[in-house]
Amino acid sequence: MTNRPYELDAFDRKILDVIAVDGRISVTELARRIGLSKSPTQARLKRLEETGVVRGYRALFDPIRLGRDHVAFVEVKLSDTREAALAAFNDSVTQVPEIEQCHLIAGAFDYLLKVRTSSMGAYRMVLADSISTLPHVANTSTYVAMQAVKEEGVTAVAQA
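Residues numbered from 1 in each chain as written. Predicted model: local features only at pLDDT ≥ 70, side-chain atom pairs only at ≥ 80, totals over all residues. Heavy atoms only, no water.

Colleague: Can you help me understand helix α1 (residues 10-21) in this one?
Modeller: Given 3.6 residues to a turn, an α-helix orients residues that are three or four positions apart in the same direction. Between the first and last C-alpha of α1 there are 17 Å, a value that for 12 residues agrees with the 16 Å anticipated at 1.5 Å per step. For α1, the set of buried residues is Asp12, Ile15, Leu16, Val18 and Ile19. Relative to the axis of α1, the buried residues are bounded by an arc of 170 degrees and lie together on one face. Those residues of α1 that are exposed and angled more than 90 degrees off the buried face are Ala10 and Val21. Contacts made by the buried residues of α1 are with α2 (27-34) and α3 (38-50). Measuring from the backbone nitrogen of Phe11 back to the side-chain oxygen at the start of α1 gives 3.1 Å, which picks out Asp9 as the cap. (Helix = DSSP H or I, 4+ residues; strand = E, 2+ residues; numbered from the N terminus. Expected span 1.5 Å × (residues − 1). Buried < 20%, exposed > 50% of the residue type's maximum accessible area, 1.4 Å probe, protein only. Arc of directions from axis to C-beta. Contact = heavy atoms within 4.5 Å. Polar contact = N/O pair within 3.5 Å; in protein donor to acceptor, adjacent residues only side chain to side chain.)

Written out as structure tokens, the structure is:
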């Protein structure tokens, strides 16, 4: 599998738009929605999976119903930004389950984390016991989200 962009045609884009919203759709219904017969739709979907365009299917949970409605965004500045230090941080950050997202940033800080917990107290514990102890962390700044205005995790493909 390669990391270069995969050439998508209009049908591929339609398939991706549909399964992004309904990953459990039957191939028959998917074919109907995109305007192809079942066999070519199934072949296209299989190709999208095999080439890594579709990396998998998963359930989306409501974090509020699960008692995890406290969201904090954390700027992380490292004391060392050489490749070995970045790799050590990257490896370690994946072990903290409360960190939903981690992005290497070009800017005044090095990483932006999205952290989801049950409360401010729980967040403080994660910050003290996990985030602050990650390799090469020099300092952090926390921004608490008051409301999620858009947080679907669905990317439109048709207009790409």
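There is more to say after this.
Colleague: How should I be thinking about the pattern of salt bridges in this particular structure?
Modeller: Oppositely charged side chains are able to pair whenever their charged atoms sit close together. Counting across every chain of the model gives 12 salt bridges. The closest approach of N and O atoms between Arg32 and Glu29, which form a salt bridge, is 2.5 Å. A residue pair is termed a helical-turn pair when its members lie 3 or 4 positions apart in one helix, as Arg32 and Glu29 do in helix α2 at 3 residues. The exposure class assigned to Arg32 is exposed, which follows from its relative accessible area of 57%. For Glu29, a relative accessible area of 24% gives the class partly exposed. Glu151 is the salt-bridge partner of Lys114, the closest N and O atoms lying 2.4 Å from each other. Of the two residues, Lys114 is situated in strand β3 (residues 111-117) and Glu151 in the segment after β4 (137-144); the sequence distance between them amounts to 37 residues. When its relative accessible area of 7% is taken as the criterion, Lys114 is described as buried. Three or more residues joined by partner-sharing salt bridges are found here, namely Asp9, Asp12, Arg44 and Arg47. (Salt bridge = Lys/Arg side-chain N within 4 Å of Asp/Glu carboxyl O.)

Colleague: How should I be thinking about the sheet that holds strand β1 (residues 70-78) in this particular structure?
Modeller: For sheets, the rule is that strands pair by backbone hydrogen bonds, running either parallel or antiparallel. Reading across the sheet, the 4 strands line up as β2-β3-β1-β4 and stay open at both edges, with antiparallel pairing between neighbours. Each edge of the open sheet is held by one strand with a lone partner, namely β2 (99-104) and β4. This sheet shows a mean twist of 20 degrees between the axes of neighbouring strands, independent of strand direction. Examined bridge by bridge, β1 and β4 share 7 bridges and lie antiparallel to one another. Residue pairing in the sheet places Phe73 in a bridge with Tyr143 of β4. Most of the contacts of helix α5 (residues 120-131) go to β3, to which it runs at about 135 degrees, and overall it touches β1, β2, β3 and β4. (Pairing = 2+ DSSP bridges. Axes fitted to C-alpha atoms, helices over the stretch in contact; angles between N-to-C directions.)

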